[in-house]
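Notes for the structure review
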There are 2 protein chains.
Amino acid sequence: MAFSNTALKRPAPSAVASAVEALAARFGNNLITSQAVREQHSHTTTWLPMQPPDAVVMAQSTADIQDVVRICAERRIPVIPFGTGTSLEGQVNAPAGGVCIDLREMNRIIAVHPDDLDCVIEPGVTRKALNEHLRDQGLFFPIDPGADASIGGMAATRASGTNAVRYGTMKDNILALKIVRADGEIISTGTRAKKSSAGYDLTHLFIGAEGTLGIISEITLKLRGIPQSIAAGSCSFKTVEGACNATILAIQTGIPLARIELLNAAQVAACNVYSKLSLPETPLLLLEFHGTEADVAEQSKMFGEIARECGGGAFEWTTRQEDRTRLWQARHDAYWAVRGLRPGAQAVATDVCVPISRLAECVAETEKDIAASKLVSPIVGHVGDGNFHCSLLCDVNDPDEMQRIEGFLHRPVERAQAMDGTCTGEHGIGQGKQKYLVKELGPEAVEAMRALKQALDPHNILNPGKILPQA
Amino acid sequence: MAFSNTALKRPAPSAVASAVEALAARFGNNLITSQAVREQHSHTTTWLPMQPPDAVVMAQSTADIQDVVRICAERRIPVIPFGTGTSLEGQVNAPAGGVCIDLREMNRIIAVHPDDLDCVIEPGVTRKALNEHLRDQGLFFPIDPGADASIGGMAATRASGTNAVRYGTMKDNILALKIVRADGEIISTGTRAKKSSAGYDLTHLFIGAEGTLGIISEITLKLRGIPQSIAAGSCSFKTVEGACNATILAIQTGIPLARIELLNAAQVAACNVYSKLSLPETPLLLLEFHGTEADVAEQSKMFGEIARECGGGAFEWTTRQEDRTRLWQARHDAYWAVRGLRPGAQAVATDVCVPISRLAECVAETEKDIAASKLVSPIVGHVGDGNFHCSLLCDVNDPDEMQRIEGFLHRPVERAQAMDGTCTGEHGIGQGKQKYLVKELGPEAVEAMRALKQALDPHNILNPGKILPQA
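Since this is a predicted model, take the numbers as computed values, not measurements.

Side note on the interface of chain A and chain B
Contacts between chain A and chain B engage 77 residues on the former and 77 residues on the latter. If you list the elements that add at least two residues to the side of chain A that touches chain B, you get strand S9 (186-188), helix H7 (202-206), helix H8 (240-253), helix H10 (293-309), helix H15 (437-441) and helix H16 (443-456) of chain A. The element best represented in the side of chain A that touches chain B is H16(A), accounting for nine residues. Residue composition of the side of chain A that touches chain B, grouped by class: 31 nonpolar, 28 polar and 18 charged.

A look at the sheet that holds S9(A)
All names here are of chain A. Strand order in the open sheet formed by five strands is S5-S6-S10-S8-S9, and the pairing between neighbours is antiparallel. Every other strand in the sheet has two partners, leaving strand S5 (109-113) and S9 as the edge strands with one partner each. Averaged over all adjacent pairs, the angle separating strand axes in this sheet is 15°, with direction ignored. Strand direction decides the pairing type here: strand S8 (residues 174-180) and strand S10 (residues 215-222), joined by six bridges, are antiparallel. When the sheet's bridge partners are listed, Ile-179 is paired in S10 with Ile-216.

Points about the pairing of strand S12 (residues 229-236) of chain B
All names here are of chain B. Burial runs high along S12: six of the eight residues are buried. Across eight bridges, the pairing between S12 and strand S14 (residues 284-291) is antiparallel. Across the sheet, Cys-235 pairs through a bridge with Leu-285, a residue of S14. In this sheet, strand S15 (residues 316-318) lies alongside S12 in antiparallel orientation, the contact comprising three bridges. Note that in S15 the partner of Ser-234 across the bridge is Glu-316.

Comments concerning the domain arrangement of chain A
All names here are of chain A. Each assigned domain of chain A is listed with its residue range as follows: domain 1 (13-104), domain 2 (109-225), domain 3 (229-335) and domain 4 (343-436). Centre-to-centre, using C-alpha coordinates, domain 3 lies 23 Å away from domain 4. Between domain 3 and domain 4, the residue contacts involve 18 residues of the former and 15 residues of the latter. Sorting the residues of the side of domain 3 that touches domain 4 by element identifies H8, strand S13 (257-263), helix H9 (265-275) and helix H12 (334-341) as the ones contributing at least two each. Looking at which element gives the most residues to the side of domain 3 that touches domain 4, the answer is H8, with seven residues. Grouping the amino acids of the side of domain 3 that touches domain 4 by side-chain chemistry returns 13 nonpolar, three polar and two charged.

A short note on the relation of the copies chain A and chain B
These two copies of the chain differ by a rotation about an axis and a displacement along the same axis. Structural alignment of chain A on chain B gives an RMSD of 0.0 Å, achieved by rotating through 180° and translating 0.0 Å along the axis. As the rotation angle and translation indicate, the two copies are arranged about a two-fold axis.

Some words on the sheet that holds strand S6 (residues 118-121) of chain B
All names here are of chain B. Here we have five strands laid out as an open sheet, ordered S5-S6-S10-S8-S9, and antiparallel in their pairing. Edge strands, defined here as strands with exactly one partner in the open sheet, are strand S5 (109-113) and strand S9 (186-188). Ignoring which end each strand starts from, the neighbouring axes of this sheet average 15° apart.

Details of helix H11 (residues 321-332) of chain A
All names here are of chain A. Taken together, the buried positions of H11 are occupied by Leu-327, Ala-330 and Arg-331. The buried side chains of H11 occupy one side of the element, clustering within an arc of 120° when seen end-on. In this structure, H11 carries Gln-321, Glu-322 and Thr-325 as exposed residues pointing more than 90 degrees from its buried face. Contacts from the buried residues of H11 go to strand S12 (229-236), S13, H9, strand S14 (284-291), strand S15 (316-318) and H12.

Focus: the pairing of S14(A)
Residues and elements named next belong to chain A. Taken across its eight residues, S14 has eight buried, putting it largely inside the fold. Residues of S14 alternate between two faces, with Leu-284, Leu-286, Glu-288 and His-290 on one and Leu-285, Leu-287, Phe-289 and Gly-291 on the opposite face, all of them buried. In this sheet, S14 lies alongside S13 in antiparallel orientation, the contact comprising six bridges. Its bridge partner being in S14, Glu-261 is matched across the sheet by Leu-286.

Here's the deal with unusual backbone geometry
If a residue is not glycine, its phi is most likely negative; likewise, a peptide bond is most likely trans. Residue A:Asp420 is not a glycine yet carries a positive backbone phi of 65°. Among the secondary structure elements, A:Asp420 is positioned in the loop between helix H14 (399-418) and H15. Backbone geometry places B:Glu210, a non-glycine residue, at a positive phi of 55°. On the secondary structure map, B:Glu210 appears in the loop between helix H7 (202-206) and strand S10 (215-222). You can call B:Glu210 buried: it has 28 C-beta atoms within 10 Å.

Reading the values: the criteria
Residues numbered from 1 in each chain as written. Chains lettered and ligands numbered in written order. Predicted model: local features only at pLDDT ≥ 70, side-chain atom pairs only at ≥ 80, totals over all residues. Contact = placed C-beta atoms within 7 Å. Helix = DSSP H or I, 4+ residues; strand = E, 2+ residues; numbered from the N terminus. Nonpolar A, V, L, I, M, F, W, Y, C, P; charged D, E, K, R; others polar. Pairing = 2+ DSSP bridges. Axes fitted to C-alpha atoms, helices over the stretch in contact; angles between N-to-C directions. Buried ≥ 20, exposed ≤ 12 C-beta atoms within 10 Å, placed from the backbone. Domains from an automatic or database assignment. Least-squares fit on C-alpha atoms with pLDDT ≥ 70 in both. Arc of directions from axis to C-beta.

Written out as structure tokens, the structure is:
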């Protein structure tokens, strides 16, 4: 199951030593080479083996990023940008060594423009810190991938999460980026205008590029007004199909669902134990509506009728903060509930995304596959987007179980791709999913990606070994 | 005022003759070389001089596009994709000659997936034809740039229009593209999944590239359910600033405006004459709300209160189809009303886009500039996006007026760029706005665009002379 990047050549030790020397002279204490810190900056949250960088620089400014890139570019040393390290597919590993640029101290909120509903921030700002800052102005940034990730990392991995069904993903919420390119110069990708048709869309090219085309040093984000009222509700279904049908109908009807999350029966059972709930152990939908009081009341009522038509149980909803929190507790605790099923086990996360008409079928087949593979893996889904996650419990010291997991992991991807879906809705390609890219888009698309990489990073120093399968 | 592309070399006449011969053998009657047809396919709707191609092929299939590109690529002959010819910045001109690929007969709707709210179409389908086809299924495609443009052309120019404030622009409504690349091979940019983080965002790279990186041969579009109820309303303001403030407040409040259009006093006066209306000749907002009956009633009521706070007159609104049509008549006739001000005159259109907080100031300065330049140019604006259009009446045989227009045209752009806005919100760069690109994004961004162009079209045969300023 080890991930190999054999085609990726490490730079000569003398080149690395020379870069570290130059970085030490420039950055002093902000250059760190201790093994503990290097390991903290390699990828530890997945099944992928850890590959630490040779050194870590705590960047304080765009000029710092530029200088690291220049020093490394001159010596052909890899640079790997790092936000909070919560990516799931090996995005911050350093398979050829090199210098990790830790951006978490670049966490200034440079400007907030309430009239324009936008803000300009540094990449190390986390989504919770941003929302904390914005709250008094009645504004919020809607993308919520679960972890308190850095906005820079979320942009680099094209993250999304529970309320993408209403607010879109990172790609829909960024107006412009400032990018440090492979030679250390700055590219500005856009303005604060809400829309533009001025030239190639550089903004979207860098979103989701996982730091392989340039390093994000500043982000102009769209913001939203905090809704006057928020309603939350839940509804049990006999089958995943019933839950998916209700979702499809609600979207077709035009109900502006803010969140609609599916927990499969296994996930509900895990949550009952972990969060001491007594939910029926069948597929569950959790919903949220945003709007005026009248809006959310009407939306909730409409959804209740749709749920009933689709064989759902009673749809309970509330606008009271404490009741909403209680309702959503199962979802918020989902990850820990899974971990609680087998204390000490690791959880391997994977995600795929299909057209919503195929979601029920894809989830049902995956549930059967999990059972047949004798694995433990509850499923949660951002069902409005056709996106779902498996959390596979594993004992890394049990080679038989690890082998079954390795065999399993390909199949949701194959299933999704056969249904005109994608191998990853929101986790990205990183190292873990490179092998699926050609199958999904064809060799010509991957050739085009390679040509773009070659055009913008001719010496392959920007986060090498990510996204593009080794030729 | 002539546009020069002196750096662009025409291919040798013998190469063109050889290509035309090969195309004739392959395409028979679908190859046209008559002067009349070639001129129809060059750019005639703007101030830019007409530059006809050497030949036109009426493509019937992706294979046809591939064969044209292969024949031309081999001989280094330019290929220029053509939809309906309604672009405004010279996008379909052929400054170095070459072969125009007319896509209007590639107008099949390949599949509609109502459960997934998407469809797959050929690029020659126009937006009206698509909506006609979708109506019975309760679906619609929201982007409306005014002209009944082809969806392929709208994708290629990153078009938007009156309801982008709610539904976004073309970039927000395309899931995937099939692209014929510069050597005639096919690139598939995505799947039907609603979201994906699988690799570089090729879809957005080709949207807005104006056919310079590849030719769009198939499009997977997002669709919407036709709203249960539509309300329309209008409100006069004493100043553009009042109208803009009302718009800002409505957006901040979270009212999901479907359309919010500004007509300045000069435009209202023109419409009064042309459409025999008696609107107060002050800035006017026209609005549309989509939702349930309760939604649109609440939204209309809320907007009415906001308008009053911002110094607006009475806000009249209605859900009756015939009354809505009457209310919006002024907007729909705006272009003809402008032309009616001086029969026989041409209208030169330009658009810019600024952060909405700067819109009132930008429009006011532009109004003063128009008056000082002794020009006639009403203004309409997609005010929710900060985007506005001038329609400059001109007599092409009056060199003095043409000179004043030439002098004028730069200034809205300079004004918008100084306000952190863009030189074009929705018309694109084409030939007309190349000179503004470096100023807007900096030389590094334009260098990056050049590198992308070189990577995907190394012989510069795909719509050469567009977007990128000659080096």
